[in-house]
There are 2 protein chains.
Amino acid sequence: VIDLTNARATDARTLADLDTPSVVIDLDIVERNVLRWQERCDRLGLANRPHIKTHKLVPLARHQIATGACGITCQKIAEAEVMADAGVDDIFITNNILGGHKLSRVAGLARRCRIAVVADGETVIEGLSAAMAAAGLKLDVAVECDTGGRRCGVQTPASALALAQVIDRAPGLRFGGLMTYPPAGGRILSAAFLAEATDLCRRAGLAVDTVSSGGTPDMWIDDGLERVTEYRAGTYVYNDRSLVARGTARSEDCALTVLTTVVSRPTSDRAIVDAGSKSLTSDLLGLEGYGAVRQFEAARIAALSEEHGHIDLSACEDRPAVGERVHILPNHVCPVSNLVDTVVLVRGDEVVALHTVDARGCVQ
Amino acid sequence: VIDLTNARATDARTLADLDTPSVVIDLDIVERNVLRWQERCDRLGLANRPHIKTHKLVPLARHQIATGACGITCQKIAEAEVMADAGVDDIFITNNILGGHKLSRVAGLARRCRIAVVADGETVIEGLSAAMAAAGLKLDVAVECDTGGRRCGVQTPASALALAQVIDRAPGLRFGGLMTYPPAGGRILSAAFLAEATDLCRRAGLAVDTVSSGGTPDMWIDDGLERVTEYRAGTYVYNDRSLVARGTARSEDCALTVLTTVVSRPTSDRAIVDAGSKSLTSDLLGLEGYGAVRQFEAARIAALSEEHGHIDLSACEDRPAVGERVHILPNHVCPVSNLVDTVVLVRGDEVVALHTVDARGCVQ
């Protein structure tokens, strides 16, 4: 059961007592999602290192670790600092770290917990090495591999080996294995890259203790996991409309919804709710519409302004009245967590507590 | 000159001292934008009521008022509360207010400053009337008119009159005129609606003291302003890429940029910067790409992940190296203000101060 030591009390007892818009998180569903994934990792012998960008909440990071996670993944130093302050002691920052401000903060983190980072180029390694050597530290640096995601990462297994050797020789650094974020549906191609890079490193005398992959969309698929030792998934803790559309999650596995009020019914076909892009984000992720209206399946969130969702009701038999409340399942939950200072923790209709989004707004 | 009483000091002296990503606001440009628009309003005899959603900053709201604005516009009660706490005493909340939580907060605001709100239906008016009458208050309520924006608002001038009469008869309320947010390019159609509604109200014996229109895209166009008494513009204080694309602003009128670092150059055609949708938002506003890279005009921000901007350099002759810093002009600045706790205030290259985004995250 999730520890709510730092949650805040509220007078609200049920969802009906909440003002809108409210970002609502059902802890029963979170606990099921966390446990189910941990059991799968245990079965497969995978180290589970969840990405906390989805929830940004200390109690959920602690709960993931208490359930069996080896540590957490962060994308930003500021997120890692929030989590280290809360006692999380094993953090992988899956980002190239550059510049004096950030390098001294990484050193500060490395003095108080186990930190690993990634690099995909020599400039990044030079900076890390100089900072860590000067601080008398030894930092694990994994080589980020672009295995089809077309973001950061070395482009070939041979380049992965070359960079691993640079890290291995660099003062203050230790080669920390391979890391990738494959595109959804791209794990097989990714596996071939990782297998070749791993073999090249081993043949060159470098131990590859960690091969870290990630992504919620394909987390339930076995293919291509053979050489992977560690898995980073984030969105699975809440799930969202994009994952339901992919078949990764069922609607009842979605823990986060945005509770809204219909504030206007200007025409028979149009409803306006009090949640817009400032609550739901403009992320489409290839979907039609900006979220799903739970009680009105045929409703289409056709457009968002900052504070309003524009709902097309033309396909709906039943239509909501002004003042009625509707739950919206966002297309993409991770940025929703980043938009609000406070989330409402519930179990079913019962309001349990409020909680500050501890690592919200951590851009640096 | 903008009063920076509550700004925070920083060791950074120039842009080169800042960590990235940083949201940077050039006060010289802000002051020019504010003054130029105020001078136009004065010339036209328009009351200037800027929307603070764009900056969410107390010092800029105060500066707009000191320069001649009659008051401010907010979309959310929480924004209005932040501004009232800072001494702003004339606030128009251009939103339907529903539900006990919000109605008691509006009453609280109305006790300490001049508040006006809008309504576009009887349910909203009933709630406002009951709450204001119980509190012994008299609240100005304007009728929101949908003059082509297809969001909230009554659909015909006859409906505007009917609702104005409901407000006029409702205890605790006073008819506060007409309000609309016309779509960009739609002011002429909007003007015909407003003129007819105004005339209907007057013929029915109702004074129409305020006819409030808004929108930065068309703020420099005269057509259709004849019957408008008050103008609500927000984005003009900073401007953005969407307004440059429309011809509303020039590039040198844009006050807000996101300072980023190139953290990866995985291929010759690709640069990754440390600002993604969590700093720039996914808003496209009909544009190609997620922002403009100031120093590299031919660069295209082809995609965003949460913490990374994916830049296509294939059309660029000069290309940035890892570690180089680039300024990005966002497509849409208003949601960018909502994503960061702190903005950096500068004049040219000189860093002046940091400032908390006072009304960030005010969703309710």
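Please read all numbers here as calculations on a predicted model, not as lab measurements.

Each value, and the rule that gives it
- Residues numbered from 1 in each chain as written.
- Chains lettered and ligands numbered in written order.
- Predicted model: local features only at pLDDT ≥ 70, side-chain atom pairs only at ≥ 80, totals over all residues.
- Heavy atoms only, no water.
- Least-squares fit on C-alpha atoms with pLDDT ≥ 70 in both.
- Contact = heavy atoms within 4.5 Å.
- Helix = DSSP H or I, 4+ residues; strand = E, 2+ residues; numbered from the N terminus.
- Buried < 20%, exposed > 50% of the residue type's maximum accessible area, 1.4 Å probe, protein only.
- Polar contact = N/O pair within 3.5 Å; in protein donor to acceptor, adjacent residues only side chain to side chain.
- Pairing = 2+ DSSP bridges.
- Axes fitted to C-alpha atoms, helices over the stretch in contact; angles between N-to-C directions.
- Core = buried A, V, L, I, M, F, W, Y, C linked by side-chain atoms within 4.5 Å.

Participant: How do you make sense of the relation of the copies chain A and chain B when you look at a structure like this?
Facilitator: Copy one and copy two of the chain differ by a rotation about a common axis and a shift along it. Mapping chain A onto chain B calls for a screw motion: a turn of 180° about the axis and a shift of 0.0 Å along it, with 0.0 Å RMSD after fitting. Put plainly, the chains are arranged around a two-fold axis. Distance from the rotation axis, computed per C-alpha, reaches its smallest value in chain A at S282 of chain A: 2.8 Å. Most of the interface of chain A is mirrored in chain B, where 100% of its interface residues again form contacts.

Participant: Hey, could you run me through the side chain of H310 of chain A in this one?
Facilitator: Here H310 of chain A lies in strand β14 (residues 309-312). Classification of H310 of chain A as buried rests on a relative accessible area of 14%. Side chain to side chain, H310 of chain A and S305 of chain A meet in a polar contact 2.8 Å long. If we ignore the near neighbours within four places in the chain, the residues touching H310 of chain A are A271, I272, R300, I301, A302, A303, L304 and S305 of chain A together with R150 and R151 of chain B.

Participant: What am I meant to see in the sheet that holds strand β8 (residues 211-214) of chain A here?
Facilitator: Think of a sheet as strands paired side by side through backbone hydrogen bonds, with each pair either parallel or antiparallel. All names here are of chain A. Spatial ordering of the open sheet is given by β2-β9-β8-β7-β6-β5-β4-β3, a layout of 8 strands whose pairing is parallel. Edge strands, defined here as strands with exactly one partner in the open sheet, are β2 (47-48) and β3 (72-74). Pairing of strand β5 (residues 114-119) with strand β6 (residues 139-145), which is carried by 4 bridges, proceeds in the parallel orientation. What sits directly across from A116, in β6, is D140. Docked against the sheet, helix α4 (residues 100-112) engages β4 (90-96), β5 and β6, running at close to 145° with respect to β5.

Participant: Is there a simple way to think about the sheet that holds strand β6 (residues 139-145) of chain B in this case?
Facilitator: All names here are of chain B. With parallel pairing, 8 strands are arranged side by side in an open sheet as β2-β9-β8-β7-β6-β5-β4-β3. Looking at which strands have only one partner, the edges of the open sheet turn out to be β2 (47-48) and β3 (72-74). Sheet topology note: the strand β8 (residues 211-214)/strand β9 (residues 230-232) ladder contains 3 bridges and is parallel. Bridge pairing in β9 places G214 opposite R232. Helix α6 (residues 157-169) rests against β5 (114-119), β6 and β7 (173-180) of the sheet, and its axis sits at about 165° to β6.

Participant: Can you walk me through the nonpolar core in this structure?
Facilitator: Generally speaking, soluble globular proteins have nonpolar side chains that are buried together. Among the nonpolar cores identified, the biggest contains 104 residues, and M83, I91, L139, V143 and Y238 of chain A are the most heavily contacted of them. In contact with L139 of chain A, other than residues within four places in its own chain, are V106, A110, I115, V117, L128, M132, G172, L173 and R174 of chain A. Core analysis: the next-biggest nonpolar cluster, separate from the first, contains 103 residues, V34, L46, C74 and M83 of chain B among them.

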